[in-house]
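Listed below are the residues making up each chain.
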Amino acid sequence: LDLDGVDDYVDTISTSVTNGLSQMSVEFWLNINDYTNVLTTTGWTVIGKGESFSSNVGSWGIGLGSVLSGETPSEYGKRIEFYVTDGTYNSGGRKVRKTNIDLNLNTWYHVVAVFNNNDMKIYIDGVDRTTTATYDATINNLASISSTIKMGKIPGLTTDTNGTIDEVAIWN
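I will try to describe carefully the structure that is included in this document. (Residues numbered from 1 in each chain as written. Predicted model: local features only at pLDDT ≥ 70, side-chain atom pairs only at ≥ 80, totals over all residues. Heavy atoms only, no water.)

### Section: the pairing of strand E9 (residues 119-124)
No. 1: Of the two faces of E9, the one holding Met120, Ile122 and Ile124 is buried and the one holding Asp119, Lys121 and Tyr123 is not buried anywhere.
No. 2: Note that strand E8 (residues 108-116) and E9 share six bridges and pair antiparallel. Directly across from Asn116, in E9, lies its bridge partner Asp119.
No. 3: In this structure, E9 lies alongside strand E10 (residues 127-128), joined through two bridges in antiparallel fashion. What sits directly across from Tyr123, in E10, is Asp128.
No. 4: Linking two consecutive strands that pair antiparallel, namely E9 and E10, is a turn of two residues; a positive phi of about 50° is found at Asp125 within it. (Buried < 20%, exposed > 50% of the residue type's maximum accessible area, 1.4 Å probe, protein only. Helix = DSSP H or I, 4+ residues; strand = E, 2+ residues; numbered from the N terminus. Pairing = 2+ DSSP bridges.)

As structure tokens, then:
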């Protein structure tokens, strides 16, 4: 999937595949073309599910930048972020993990995000690169929400992914 960072994204038809799961792994290959819009906004969601990351309906996603962590985009915009909310976002019901390395432009990375009964890990090219971010709510199951899984965007963000995503897989 070659995404231009302006208006390209994929919307799936399945709405319940991750609902209520206590374990999930999402993997994909990512090659970033340009960081310009992610370094000046809240970030991108490469793949995720939810009507809006800041709503009270629950969501999950893997992306770049500071989608939910509240950190400075210019400082963390080149790092993968994995977030899960439980439907009580406004009351602090969110858990966020980031990676500890910046991703370079025009380089392929294999990304695996693992959710396992409140434990979250992010692997880049087979190495655990997980750090704890600002929010650390206890979330044991993914929220049951009716939205679709999207690649390249999630509603509520003003920027779309600018790069190539390949070999996406979701495991339970």
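The structure having been displayed, the exposition proceeds.
### Some points on the pattern of salt bridges
No. 1: For the structure on display, the rule yields six salt bridges.
No. 2: The partner of Arg97 in a salt bridge is Asp136, and the shortest N-O contact between them spans 2.7 Å. With a gap of 39 residues between them, Arg97 in strand E7 (residues 94-99) and Asp136 in strand E11 (residues 130-136) connect regions that are remote in the sequence.
No. 3: Looking at Arg97, the relative accessible area reads 8%, which means it is buried. (Salt bridge = Lys/Arg side-chain N within 4 Å of Asp/Glu carboxyl O.)

### Here we look at unusual backbone geometry
No. 1: Located in the positive-phi region is Asn117, a residue other than glycine, with phi close to 50°.
No. 2: Inspection of the secondary structure puts Asn117 in the loop between E8 and E9.
No. 3: Residue classification places Asn117 among the partly exposed positions, given a relative accessible area of 39%.
No. 4: A positive phi angle is found at Asp125, which is not glycine, with a value near 50°.
No. 5: Mapped onto the fold, Asp125 is located in the loop between E9 and E10.
No. 6: A relative accessible area of 46% places Asp125 in the partly exposed class.

### Concerning the pairing of strand E13 (residues 162-171)
No. 1: The sheet contact formed by strand E1 (residues 2-4) and E13 spans three bridges and is antiparallel. From the neighbouring strand, Leu3 faces E13, where its bridge partner is Gly163.
No. 2: As judged from the seven bridges shared by strand E3 (residues 23-32) and E13, these two strands associate in the antiparallel manner. By the bridge assignment for E13, Val26 is matched with Ile170.

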